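Spelled out, the chains give:
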Amino acid sequence: MRKEETRIEGDRYLIYYWFDDEARIEQSSQTRPETEDKSTGVDTRSSTDEDAHLG
Amino acid sequence: MSELRWNPLLEEWVVTATHRQERTYHPPPNYCPLCPTAPGGFPTEVPAENYEIVVFENKFPSFRIPPPAPAVEGNDLHPVAPAAGVCEVVLYSPEHNTTLTDQSVEHIHNLVRVWRDRYEALGASPEVKYVFIFENKGEVIGVTLSHPHGQIYAFPYIPPRVERELSASRAHFDQTGRCLICDIMQDEKDEAEGKRRIVGENDSFLAVIPFYARYPYEVHIFARRHLQAMSDFTVEEERDLAEMLKRVLVSYDNLFGFSFPYMMVIHQRPTDGADYGYYHFHIEFYPPHRTATKIKYLAGVESGAGTFINDTLPEEKAAELRAAYAQFDGRRREA
């Protein structure tokens, strides 16, 4: 199991958990691969109504 | 605004979280904020085009570190405390039209490993006293986003329902020298009882509708070995839990012929550093359906008196689920 951490809107953390290297290769360039448990770059997406979540 | 308000009558905290009124409510399927972001598509919570399992901080959390300033000042009668903690979302799959039930045992095993990692990581925070892992599934439960996901609340205190379990387990241990849930399991396995409430079992876990079930199809999954948390699992136990979850979930769907709604909660050792050797890891399911077309509502007696009225016998409902469990072939059949 490997982890890649990034930041999303609102400076919140988001962690990708990977178990299969092939699946990871398919990820888009929007994902910034990092070393395990290391927090990095800020996502600059704008906030929209559709962007919100959760219950 | 978010804060803890003390109820002196019940001696428990209530969490206010007024910003949660603004959270997304049943968005169209092509605007799901939990799907991966498609090339040229609207930006979801997940920037990548694909993922296996993702965890992120809830945009509308009930707890935060650092916590926001409380909206009101408390007093001796009505204490107020900061809502310090963490709320996470766990995305099970990038596929929108799927459920935890549809996932392979291998993938559910991966999810168990993620749960364990989050339990340990969040539990290491000095503000966090209890890591509560759960899933709400189905509109009837109140779920507003249908994408398969669960949640984690890292509490700044031990929640009252867990506190009651801990208290009862501690009292039983002091009185008998034995674990309460180990004794409950032994009673369920007792041949004199005819194993009437057992739904299924494997090398590491036992699934039962317990003697004291509140909901008609309330399955509890107990670890066979006396252990307190996922951190105590062997690799075999992680895999056996995944297999047990898969079988119970498929049995639910196959018994009813539709994707069965439920609340799933994981009860394990608090993370406040105290010794909880008398406690016992388990998972509880609270499905709202009492038949395929009828719902068990929490009405006056349940909400106002705190006493559940179960319209069924656990022994009879366990027999139904046990038959579905025995027919498990890995596939989900819808009517």
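Conventions and cut-offs
- Counting from 1, residues in each chain are numbered in the order their sequence is written.
- Here every chain gets a letter starting at A, and every ligand a number starting at 1, in the order they are written.
- Where local features are concerned, this predicted model is filtered to residues with pLDDT of at least 70; where side-chain atom pairs are given and counted, the filter is 80 or more; whole-chain, interface and lining totals use all residues.
- As a convention, hydrogens and water are excluded, and side-chain values are obtained from all of the structure's heavy atoms.
- Strands are runs of DSSP state E lasting at least 2 residues, helices are runs of H or I lasting at least 4, and numbering of each runs from the N terminus.
- The atom set for the radius of gyration is the C-alpha atoms, and the globule formula is 2.2 Å times the number of residues raised to the power 0.38.
- Exposure categories follow from relative accessible area, calculated using a 1.4 Å probe and restricted to protein chains: below 20% of the type maximum is buried, above 50% is exposed, and the middle band is partly exposed.
- Residue contacts are defined here by distance: any two heavy atoms, one from each residue, within 4.5 Å place the two residues in contact.
- Residue burial considers only the protein chains on display, and all accessible areas are found by Shrake-Rupley using a 1.4 Å probe.
- For the charge count, each Lys or Arg is scored as positive and each Asp or Glu as negative, with His and the chain ends excluded.
- In plain terms, the charge of a residue is placed at NZ if it is Lys, CZ if Arg, CG if Asp and CD if Glu.
- Only the six-membered ring of Trp is used, alongside the rings of Phe and Tyr, when aromatic pairs are assigned; centres must lie within 6.5 Å, and planes under 30 degrees apart are stacked while those over 60 apart are edge-to-face, with the rest tilted.
- Whether a charge lies above a ring is judged from NZ of Lys or CZ of Arg, which has to be within 6 Å of the ring centre and within 35 degrees of the ring normal.
- Only strands that DSSP links by at least two bridges are regarded as paired with each other.
- Helix axes are fitted to C-alpha atoms over the stretch in contact, other axes to C-alpha atoms as well, and angles between N-to-C directions run from 0 to 180 degrees.
- Residues grouped as a nonpolar core are buried Ala, Val, Leu, Ile, Met, Phe, Trp, Tyr and Cys residues, joined through side-chain atoms within 4.5 Å.
- Looking at any residue, its pLDDT shows the predictor's confidence there, from 0 to 100.
- Orientation labels follow simple angle bins: below 35 degrees gives roughly parallel, above 145 gives roughly antiparallel, 65 to 115 gives roughly perpendicular, and whatever is left gives oblique.
- Left-handed describes a crossing whose near helix is turned anticlockwise from the far helix by less than a right angle; the clockwise case is right-handed.
- Classification used: nonpolar for Ala, Val, Leu, Ile, Met, Phe, Trp, Tyr, Cys and Pro, charged for Asp, Glu, Lys and Arg, polar for all others including Gly.
- Only protein atoms enter the 1 Å grid used here, on which a cavity is any set of points holding a 1.4 Å probe that cannot leave and a pocket is any open set flanked by protein within 12 Å on both sides along at least five of seven lines; residues with an atom within 4 Å of a point are listed as lining.
- Grid points are joined across faces, edges and corners, and a volume is the space filled by probe spheres set on the points.
- An expected span of 1.5 Å times one less than the residue number is assigned to each helix.
- Definition used for salt bridges: Asp or Glu carboxyl oxygen within 4 Å of a side-chain nitrogen of Lys or Arg.

Trainee: Would you explain the overall build of chain B in this entry?
Mentor: Scanning chain B from terminus to terminus reveals six helices and twelve strands. Taking 20 Å as the expected radius of gyration for a compact globule of 335 residues, we find that chain B reaches 20 Å, a close match to that expectation. Reported as C-alpha extents along the three principal axes, the dimensions of chain B are approximately 55 × 55 × 40 Å. Among the 335 residues that make up chain B, the fraction classed as buried is 55%. The contacts in chain B between residues at least 6 apart in sequence include a share of 66% that link residues at least 24 apart. Carbon and sulfur atoms form 51% of the exposed surface of chain B, whose accessible area is close to 14,700 Å². For chain B, the centre of its 33 positive side-chain charges and the centre of its 48 negative side-chain charges are spaced 4 Å apart.

Trainee: Help me understand the packing of aromatic side chains, please; the structure alone is not making it clear to me.
Mentor: The geometry of two aromatic rings is summed up by the distance between their centres and the angle between their planes. Residues and elements named next belong to chain B. Within this structure, the stated rule accounts for 23 aromatic pairs over all chains. Between tyrosine 217 and phenylalanine 256, the ring centres sit 5.0 Å apart and the planes meet at 85°, which makes this aromatic pair edge-to-face. Highlighted residues: tyrosine 217 in the loop between β9 (205-208) and β10 (220-223) and phenylalanine 256 in helix α4 (residues 235-256), separated in sequence by 39 residues. Each of the two residues, tyrosine 217 as well as phenylalanine 256, counts as buried. An aromatic cluster is present here, built from Tyr217, Tyr252, Phe256, Phe258, Phe260, Tyr262 and Phe285 joined pairwise through their rings. The residue whose ring lies beneath arginine 214 is tyrosine 286, and the NZ or CZ to ring-centre distance is 5.0 Å.

Trainee: Before we go on, may I ask you to explain the sheet that holds strand β4 (residues 80-82) of chain B in this structure?
Mentor: Across a sheet, strands are paired by hydrogen bonds formed along the backbone, either parallel or antiparallel in direction. Residues and elements named next belong to chain B. If you walk across this open sheet you meet the three strands as β2-β1-β4, and the pairing is antiparallel. The open sheet has two edge strands with one neighbour each: β2 (12-17) and β4. Averaged over all adjacent pairs, the angle separating strand axes in this sheet is 30°, with direction ignored. The pairing of strand β1 (residues 2-7) with β4 spans three bridges and is classified as antiparallel. Opposite glutamate 3, over in β4, you have proline 82 as the bridge partner.

Trainee: So what exactly am I meant to see when it comes to the nonpolar core here?
Mentor: The nonpolar side chains of a soluble globular protein tend to be buried with one another. Residue and element names in this part refer to chain B. Residues Trp115, Val219, Ile221, Leu241, Phe281 and Phe285 are the most contacted members of the largest nonpolar core, which totals 53 residues. Ignoring sequence-local partners within four residues, the contact set of valine 219 consists of Val199, Ala207, Val208, Ile209, Val248, Tyr252, Ile283, Glu284, Phe285 and Leu321. Ala81, Phe155, Ile158 and Tyr276 belong to the second largest nonpolar core, which has 20 residues in total.

Trainee: Please explain the confidence of the model for chain B as it appears in this structure.
Mentor: The predicted coordinates ought not to be read in detail in places where the model reports low pLDDT. Averaged over all residues, the pLDDT of chain B equals 94, while 96% of them reach at least 70. Predicted as a complex, the structure gets a pTM of 0.89 and an ipTM equal to 0.94.

Trainee: Would you mind going over the pairing of β9 of chain B with me for this structure?
Mentor: Moving residue by residue along a regular strand, the side chains alternate between the two faces of the sheet. All names here are of chain B. In β9, alternate side chains face the same way, and those of Phe205 and Ala207 on one face and Leu206 and Val208 on the other are all buried. The pairing of strand β8 (residues 198-201) with β9 spans three bridges and is antiparallel. Each residue of the ladder has a partner; that of glycine 200, found in β9, is alanine 207. Pairing of β9 with β10 involves four bridges; the strand directions are antiparallel. Counterpart to leucine 206 in the pairing with β10 is phenylalanine 222.

Trainee: Honestly, the packing of α4 of chain B against helix α6 (residues 314-326) of chain B in this entry has me stumped. Any pointers?
Mentor: To describe two helices that pack against each other, one gives the angle between their axes and the distance between the axes. Residues and elements named next belong to chain B. Remark: α4 packs on α6, axes separated minimally by 8 Å, with the N-to-C direction vectors making an angle of 110°. If you check the angle between α4 and α6, you find them roughly perpendicular. Every pair of crossing elements has a handedness; the one defined by α4 and α6 is right-handed. Only Glu320, Leu321, Ala324, Tyr325 and Ala326 of α6 make contact with α4, whose side of the interface consists of Met244, Arg247, Val248, Ser251, Tyr252 and Leu255. Looking at the contact of α4 with α6 residue by residue, the class counts come to eight nonpolar, one polar and two charged.

Trainee: Would you take a moment to explain the layout of surface pockets for this structure?
Mentor: Over the atoms, a rolling probe the size of a water molecule traces out where space has been left empty. Residues and elements named next belong to chain B. Size it by volume and the largest pocket reaches roughly 1,800 Å³. Lining the largest pocket are 45 residues, with Pro160, Arg161, Val162, Arg214 and Tyr286 positioned closest to its centre. Here the lining of the largest pocket is composed, by residue class, of 27 nonpolar, nine polar and nine charged. Taken as a whole, the second largest pocket holds about 380 Å³ of empty space. Classifying every residue of the lining of the second largest pocket by side-chain character gives nine nonpolar, eleven polar and three charged.

Trainee: Explain α6 of chain B to me, please; I cannot follow it from the model alone.
Mentor: Along an α-helix, residues three or four positions apart point the same way, because every turn accommodates 3.6 residues. All names here are of chain B. Taking 1.5 Å of rise per residue, 13 residues should cover 18 Å, and α6 covers 18 Å from first to last C-alpha, within 8% of that figure. All buried positions along α6 are accounted for by Pro314, Glu315, Lys317, Ala318, Leu321, Ala324 and Tyr325. Residues of α6 that are buried sit in contact with β8 and α4.

Trainee: Please explain the pattern of salt bridges as it appears in this structure.
Mentor: Pairing of side chains with opposite charge becomes possible as their charged atoms draw close. If you walk through the whole model with that rule in mind, you get 23 salt bridges over all chains. The partner of arginine 7 of chain A in a salt bridge is glutamate 5 of chain A, and the shortest N-O contact between them spans 3.7 Å. On the basis of relative accessible area, glutamate 5 of chain A is assigned to the buried category, the value being 14%. With its nearest N and O atoms 3.0 Å apart, the salt bridge here joins arginine 12 of chain A to glutamate 45 of chain B. Taken together, the residues arginine 12 of chain A in strand β2 (residues 12-18) and glutamate 45 of chain B in the loop between β2 and β3 (53-57) connect one chain to another.

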